[in-house]
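Examining the three-dimensional arrangement
Below, each chain spelled out in residue letters.
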Amino acid sequence: MMQIDLFDLERTQSQWENTVEFNLTESGLHPYTLRELLTDAQLLELTDLPLGYGHTEGEPALRSAIAARYPGSTPDNVLVTTGSSEANMLVLLSLLDGGDEALIVTPNFMQLPGLAKATGAGVTQIPLRLNDSTWMLDLDEVRRAIGPATRMISVCNPNNPTGGVLSHEERQGLASIAAEHGIALHADEIYRGAELSGGETETLFGATPDTVVTGGTAKAMALAGLRIGWIVGSPELVSLAMQRQDYTTIGSNVLGQRAATFALQPDARSRIFARNRALLSQNIEQLADWIENHHDIFTWVPPKAGAMAFLRYGLPISSDDFSRRLRESQSVFVVAGSWFGLDGHLRLGIGGDPHHFAEALRRMDVFLETEFGLTAA
Ligand SMILES: Cc1ncc(COP(=O)(O)O)c(C=O)c1O
């Protein structure tokens, strides 16, 4: 039997996310329905779509709409996948072999280290470090970790779970290290477009000829249920990934592809992003007040992007137990930091309905009072 690490986050989410009253484990924005998003003509078009395999590499219009988001790319740089999970998997299967080494910047969506290890490759984690209230990447540490078997460096930018975004210097530094050693640079950019303020995070696509980016509709576009993701990379990498996709899913679903094509048109995207910002700014304000009221217990670096906040707490309870006991007693479900290898932290989703979020915070207060005798300041 192939050895594969338990993917704690996904397994635990799958177990409880549909049974709790307040699911704060989601890192994306409150999902849209197609009726909310599409015109009547577009909805009708979906109902008339023949449910064949379609274009297994992705509908031409969708590949063009995706390429338009990555300056310097064309549809030939794009492969459409079943969620960005499949995109990440195909990238790893295209770049790694047994005995190779991958450097993965963590914390991260733990699919990457888990799957990389399952290919038989060695994984070295490069930790982001909290420095002056910013999550920083130590480029010297990256440099020192590179060996003769290193094939790739992988980052999640904007980062899950910290909500941090790499600085210009960090991006350039990563690109020049990768170029100097002739290794691939992979960036999971699924949270690009869910910035709380400022412009969209600059893509790493094009940073080096061997840079490959993954993304999808699940988070910033609030359309996880479409199960549409993508790879944007060199035509050579895309071709390798296509050959592997023939063995995984053959191609992604045609309904999701057509709906994603509509959602990626500039007017629909702008509407989605404007709604997202409104939701995020209301929730982040509520959370900032809540943390202020609990400043003796909780500290944080406010996220720059992504619909999540990563909180550090000072209580004598593991994050796993915190998550479980909060869920069992208050039906509020949060992500334990230990599922990212960072105990003493919790990740809270901030992309949901603000009234719902307010009630979840109130229940966390009840939990803190009943479990630890703590009252808000
Ligand atoms: C960084 C990151 N990449 C990929 C995924 C998976 O996304 P998808 O639903 O598109 O497969 C997630 C889901 O949480 C994620 O956080």
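Residues numbered from 1 in each chain as written. Predicted model: local features only at pLDDT ≥ 70, side-chain atom pairs only at ≥ 80, totals over all residues. Heavy atoms only, no water.

**Digging into the site of the ligand**
How we decide: Working definition: residue near molecule or strand if any one of its non-hydrogen atoms lies within 4 Å of it. Each polar contact in these results corresponds to two N or O atoms within 3.5 Å; when the atoms are within protein, one needs to be able to donate a hydrogen and the other to accept it, and residues that are neighboring in sequence are counted only if both atoms are side-chain atoms. Each accessible area is a Shrake-Rupley estimate made with a 1.4 Å probe; only the visible protein chains count as cover when residues are assessed. A cavity here means a set of points on a 1 Å grid, drawn over the protein atoms and nothing else, where a 1.4 Å probe fits but cannot get out; a pocket is an open set with protein on both sides within 12 Å along at least five of seven lines, and a residue lines either one if it has an atom within 4 Å of a point. Cavity and pocket membership follows a simple rule, namely that a molecule belongs there if more than half of its atoms are within 2 Å of the grid points. Helix and strand labels come from DSSP, where a helix needs a run of H or I of at least four residues and a strand needs a run of E of at least two; each type is numbered from the N terminus.
For the ligand, the set of nearby residues contains 14 residues, the closest of which are S84, S85, D188, Y191 and R227. Contact distances for the ligand include 2.8 Å between an oxygen atom and a side-chain N or O atom of N160. Taking Y191, its side chain carries an N or O atom lying 2.7 Å from an oxygen atom of the ligand. Coverage of the ligand by the protein chains reaches 94% of its 400 Å² of free accessible surface. Given that more than half its atoms are within 2 Å of the pocket grid, the ligand belongs to the second largest pocket. In terms of residue count, helix 5 (residues 83–95) provides more of the shell around the ligand than any other element does, four residues in total.

**Observations regarding the domain arrangement of the chain**
The condition that has to hold: Per the annotation, domain bounds derive from an automatic or database assignment of domains. Two residues qualify as a contact provided that any one of their heavy atoms is within 4.5 Å of a heavy atom in the partner residue. Throughout, the accessible surface (probe 1.4 Å) given up by two parts as they are put together, summed over both, is called the buried area. Here, a salt bridge means any side-chain nitrogen of Lys or Arg that lies within 4 Å of a carboxyl oxygen of Asp or Glu. Only Asp, Glu, Lys and Arg are considered charged, only Ala, Val, Leu, Ile, Met, Phe, Trp, Tyr, Cys and Pro nonpolar, and every remaining residue, Gly among them, polar.
Considered domain by domain, the chain is made up of domain 1 (8–32 + 268–372) and domain 2 (46–265). Relative placement of domain 1 and domain 2: their C-alpha centres are 25 Å apart. The interface of domain 1 with domain 2 comprises 30 residues on the first partner and 33 residues on the second. Between domain 1 and domain 2, the buried area comes to about 2,600 Å², and carbon and sulfur atoms account for 61% of it. Sorting the residues of domain 1 by area buried against domain 2 places R269, K304 and F340 first, and these three jointly supply 24% of that buried surface. The tally of links between domain 1 and domain 2 comes to two salt bridges. Residues E200 and R269 are paired through a salt bridge, measuring 2.9 Å at the closest nitrogen-oxygen approach. Counting only elements with at least two residues in the side of domain 1 that touches domain 2, the list comes to helix 1 (8–16), helix 11 (266–293) and strand 12 (308–313). It is helix 11 that provides the largest number of residues to the side of domain 1 that touches domain 2, a total of nine residues. Of the residues that constitute the side of domain 1 that touches domain 2, the class distribution is 18 nonpolar, five polar and seven charged.

**Concerning the pairing of strand 15 (residues 345–349)**
Inclusion rule: The classification of residues rests on relative accessible area computed with a 1.4 Å probe and restricted to protein chains. Under 20% of the type maximum is buried, over 50% is exposed, and intermediate values are partly exposed. When DSSP finds two or more bridges between a pair of strands, those strands are recorded as paired.
When you tally the buried positions in strand 15, you get five out of five residues, the bulk of the element. Covered by surrounding structure in strand 15 are H345, R347 and G349 together with L346 and L348, the residues of both alternating faces. Bridging between strand 12 and strand 15 involves five bridges; their strand directions are antiparallel. Considered in strand 15, the bridge of R312 is made with H345. Alignment of strand 14 (residues 335–336) against strand 15, held across two bridges, turns out to be antiparallel.

**Let's talk about the packing of aromatic side chains**
Cut-off, in case you're wondering: Note on aromatic pairs: the rings of Phe, Tyr and Trp (six-membered ring only in Trp) are paired at centre separations within 6.5 Å, and the planes decide the class, stacked below 30 degrees, edge-to-face beyond 60, tilted for the rest. The criterion is that NZ of a Lys, or CZ of an Arg, lies within 6 Å of the ring centre and within 35 degrees of the ring normal, and then a charge sits over that ring.
Taken as a whole and assessed by the stated rule, the structure comprises eight aromatic pairs. Aromatic side chains W290 and F298 sit 5.0 Å apart centroid to centroid with 50° between the ring planes, which places their arrangement in the tilted category. This pair shows no difference in class: W290 is buried, exactly as F298 is. Members of the aromatic cluster, joined through ring pairs, are W290, F298, Y313, F322, F367 and F372. Sitting above the plane of the Y70 ring, R192 keeps its charged end 5.1 Å from the centroid. Above the plane of the ring of Y32 lies R275, whose end atom (NZ or CZ) is 4.0 Å from the centre.

**Some details on the sheet that holds strand 12**
For clarity, the threshold we go by: Note on method: axes are straight lines fitted to C-alpha atoms, helices fitted across the in-contact stretch only, with angles between N-to-C directions ranging 0 to 180 degrees.
An order of 11-12-15-14 is seen for the four strands of this open sheet, with the pairing classed as antiparallel. Lying at the two open borders of the sheet, with one neighbouring strand each, are strand 11 (298–300) and strand 14. Its contacts with the sheet place helix 11 against strand 11, strand 12 and strand 15, and it is angled at close to 135° to strand 11.

**A closer look at empty space enclosed by the protein**
Inclusion rule: Grid points are joined across faces, edges and corners, and a volume is the space filled by probe spheres set on the points.
Under the defined criterion, the tally for this structure stands at two cavities of 30 Å³ or more. One number sums up the size of the largest cavity: a volume of about 90 Å³. Taken together, V105, L128, W135, V155, C156, N157, N159, T162, G164, V165, L166 and E170 make up the lining of the largest cavity. When its residues are assigned to classes, the lining of the largest cavity shows seven nonpolar, four polar and one charged. Approximately 40 Å³ is the volume found for the second largest cavity. Looking at the second largest cavity, the residues that line it are R69, Y70, E189, I190, R192, G215, G216, A220, M221 and W230. Looking at side-chain class alone, the lining of the second largest cavity contains five nonpolar, two polar and three charged residues.

**Considerations on helix 12 (residues 319–330)**
Applied cut-off: To estimate the expected span of a helix, subtract one from its residue number and multiply by 1.5 Å. Throughout, the arc means that of the directions going from the helix axis to the C-beta atoms.
For helix 12, which comprises 12 residues, the first-to-last C-alpha distance of 16 Å matches the rise-based estimate of 16 Å (1.5 Å per residue) to within 8%. Listed as buried for helix 12 are S319, F322, S323, L326, R327 and Q330. Summarising the axial view, the buried residues of helix 12 lie within an arc of 120°, below the 170-degree limit, and thus occupy one face. Looking one or two places after helix 12, you find S331, whose phi comes out positive at around 60°.

**Some points on the pattern of salt bridges**
Enumeration over the complete set of coordinates arrives at 17 salt bridges. K117 is paired through a salt bridge with D5; the nearest N and O atoms lie 2.7 Å apart. In this pair, K117 is assigned in helix 6 (residues 111–118) and D5 in the segment before helix 1, connecting sequence segments 112 residues apart. D5 gets classed as partly exposed once you look at its relative accessible area, which sits at 41%. In this structure, the salt-bridge partner of D100 is R151, at a minimum N-O distance of 3.3 Å. Pair noted here: D100 is in the loop between helix 5 and strand 3 (101–106) and R151 is in strand 7 (residues 150–156), with a separation of 51 residues, a long-range link. Several salt bridges converge on common partners, so that one network encompasses E21, E359, R362 and R363.

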